[in-house]
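Residues per chain are reported as follows:
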Amino acid sequence: MTSLVSGTHTLRVRYSAPDKARLGVLGTYSEYDIIKNGKDVWTWSSKDNAPTHRTVTAESQSTPSATPPTPEEAANRVLKALQPTTTVTTDSSVQVAGRPAYELVLDPNDSNTLIHQVRIAIDGDTKLPLRVQVVGTDRKIVFEVAYTSVDFTRPDDSEFVFNPPPGAKVTEVQPSATPKAQDRKKAEKARKDTKIIGSGWTAVRITKIDNLTNNQTDQQLKAFLDKLQSVHGSWGSGRLLAGTAFSAVWTDDGRLAVGAVRPDVIYQALSR
């Protein structure tokens with residue numbers, strides 16, 4: 001799912017309340033599926049032909065992703081960020097996925113954010129968000145998730161039945177037990193090691209990161225960080241990743257600061 005962070009991707013989403021859902025990530029010659037049918041959850045990659053199955057418990061129902069896979073989820077995340085400094089207006093009617101819609105236009109009234117505007121297209125009949133666009137300060141779209149076609153009839157139950165292909169080896173994932181004391185301590189430590197500076201569109205999240213080890217993943221991360229621009233100031237020194245809609249600084253003393261703001265705002269947050 002982390003591949004969705006960049007590039008252009010096509011997803012096929014099916015949903016049938018209250019407990020059936022299927023998400024397919026379509027590649028050029030492959031497909032990755034997550035299927036939930038009641039308490040059964042399957043994952044399957046056509047490339048690897050190695051499905052996994054798990055039986056979910058009440059505690060493990062919620063599995064949020066860093067990248068919103070549907071316009072509805074993206075819209076919910078944006079609307080939760082609404083602050084008194086946001087101006088909300090409506091724009092002219094548009095067509096999305098062949099359906100008439102109207103747009104909500106969110107304008108952050110803060111020059112420190114890299115977000116110029118967020119546009120949410122709402123279906124005229126069902127009021128479901130059909131498209132979310134995030135526009136950067138250069139007036140170009142930096143993120144978009146939208147339906148290209150949508151059908152509001154309930155999918156047949158057979159859409160959520162997964163039968164492993166012949167020859168596939170199924171991996172049975174054991175359900176998670178009650179969180180152990182060690183896991184609870186890790187979660188509590190992560191919470192204490194994270195702070196939010198500012199609010200709304202200019203909030204900066206600062207997290208303490210454990211020292212990199214010699215394992216392959218950490219070494220790949222270190223090689224990536226070494227290629228980033230070296231920066232320093234009263235807050236210390238580190239590496240800067242300046243994107244079109246966000247900035248991130250990984251400091252040499254093990255802090256990661258991220259926000260939809262200019263680098264100088266990140267530096268100010270690190271100095272607090």
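Residues numbered from 1 in each chain as written. Predicted model: local features only at pLDDT ≥ 70, side-chain atom pairs only at ≥ 80, totals over all residues. Heavy atoms only, no water.

Chemist: How should the overall build of the protein be read in this particular structure?
Modeler: Within the protein, the regular secondary structure consists of 4 helices and 18 strands. For the protein, the proportion of its 272 residues judged to be buried stands at 34%. Sequence-distant contacts in the protein: of pairs separated by 6 or more residues, those separated by 24 or more amount to 41%. Just so you have it, the protein exposes about 17,000 Å², and 51% of that area is on carbon and sulfur atoms. (Helix = DSSP H or I, 4+ residues; strand = E, 2+ residues; numbered from the N terminus. Buried < 20%, exposed > 50% of the residue type's maximum accessible area, 1.4 Å probe, protein only. Contact = heavy atoms within 4.5 Å. Areas by Shrake-Rupley, 256 points an atom, 1.4 Å probe, with all protein chains shown as cover.)

Chemist: Would you take a moment to explain the sheet that holds strand β3 (residues 31-37) for this structure?
Modeler: Reading across the sheet, the 6 strands line up as β1-β2-β3-β4-β5-β12 and stay open at both edges, with mixed pairing between neighbours. Taken across any chain shown, the strands that pair with only one partner, and hence form the sheet edges, are β1 (10-16) and β12 (171-173). Ignoring strand direction, the axes of neighbouring strands in this sheet form an average angle of 10°. Taken together, the 3 bridges between strand β5 (residues 52-55) and β12 define a ladder with parallel strand orientation. Within β12, the position partnered with T52 by the bridge is T171. (Pairing = 2+ DSSP bridges. Axes fitted to C-alpha atoms, helices over the stretch in contact; angles between N-to-C directions.)

Chemist: Is there a simple way to think about the sheet that holds strand β16 (residues 236-242) in this case?
Modeler: Neighbouring strands of a sheet are bound in pairs by backbone hydrogen bonds; such pairs are parallel or else antiparallel. Taken together, 6 strands build an open sheet; the order of strands is β13-β14-β18-β17-β16-β15 and the sheet is antiparallel. For this open sheet the edge positions go to β13 (194-197) and β15 (229-233), each flanked by a neighbour on one side alone. When strand polarity is set aside, the average angle formed by the axes of neighbouring strands in this sheet is 25°. With respect to the sheet, helix α4 (residues 263-271) is in contact with β13, β14 (204-208), β15, β16, β17 (247-251) and β18 (255-259), its orientation differing from that of β17 by roughly 40°.

Chemist: Would you explain helix α1 (residues 71-80) in this entry?
Modeler: Think of an α-helix as 3.6 residues a turn; residues three or four steps apart then line up on the same face. Of all the residues in α1, the buried ones are P71, A74, A75 and V78. In a view along the axis of α1, the buried residues occupy a sector of 100°, so they form one face of it. Check the buried side of α1 and you find it contacts β8 (99-108), β9 (115-123), β10 (129-136) and β11 (141-146). (Arc of directions from axis to C-beta.)

Chemist: Looking at this model, I keep getting lost on the pattern of salt bridges. Mind explaining?
Modeler: Any two side chains of opposite charge can pair if their charged atoms end up close together. With the rule as written, the count across this model stands at 14 salt bridges. The partner of R119 in a salt bridge is E103, and the shortest N-O contact between them spans 2.9 Å. With R119 in strand β9 and E103 in strand β8, this residue pair connects regions lying 16 residues apart in the sequence. What makes R119 buried here is its relative accessible area of 14%. The salt bridge involving D264 is made with R262; its shortest N-O contact spans 2.9 Å. Overlapping salt bridges, with partners in common, bring together D91, E103, R119 and R131 in one network. (Salt bridge = Lys/Arg side-chain N within 4 Å of Asp/Glu carboxyl O.)

Chemist: I tried to follow the side chain of T113 on my own but got confused; where do I start?
Modeler: Structurally, T113 can be placed in the loop between β8 and β9. Within the structure, T113 has its side chain in polar contact with the backbone oxygen of A260 (distance 2.9 Å). Here T113 is in contact with P108, T137, W201, T202, A260 and V261, once residues within four sequence places are set aside. (Polar contact = N/O pair within 3.5 Å; in protein donor to acceptor, adjacent residues only side chain to side chain.)

Chemist: Is there a simple way to explain the nonpolar core in this structure?
Modeler: Nonpolar side chains in soluble globular proteins tend to be buried together. With 14 residues, the main nonpolar core has V204, I206, V249, I266 and L270 as its most contacted residues. Residue contributions to this core peak at 5 residues, all from α4. Residue contacts for I266: discarding those within four places in its chain leaves V204, S247, V249, A257, V258, G259 and V261. L106, V118, I120 and V132 belong to the second largest nonpolar core, which has 13 residues in total. (Core = buried A, V, L, I, M, F, W, Y, C linked by side-chain atoms within 4.5 Å.)

Chemist: Looking at this structure, how should I read the pairing of β8?
Modeler: Looking down a regular strand, the side chains alternate between one sheet face and the other. Pairing of strand β6 (residues 86-90) with β8 involves 5 bridges; the strand directions are antiparallel. Residue T87 lies in a different strand from β8, and its bridge partner there is D107. Bridge count for strand β7 (residues 94-96) against β8 is 3 bridges, and the pairing is antiparallel. Bridging from a neighbouring strand, V96 pairs with R99 of β8. Connecting β7 to the next strand, β8, in antiparallel fashion are 2 residues, including A97 with a positive phi near 55°.

Chemist: When you look at α4 in this model, what are you seeing that I'm missing?
Modeler: Three or more residues of α4 are buried, namely V265, I266, Y267, A269 and L270. Against β13, β14, β15, β16, β17 and β18 lie the buried residues of α4.

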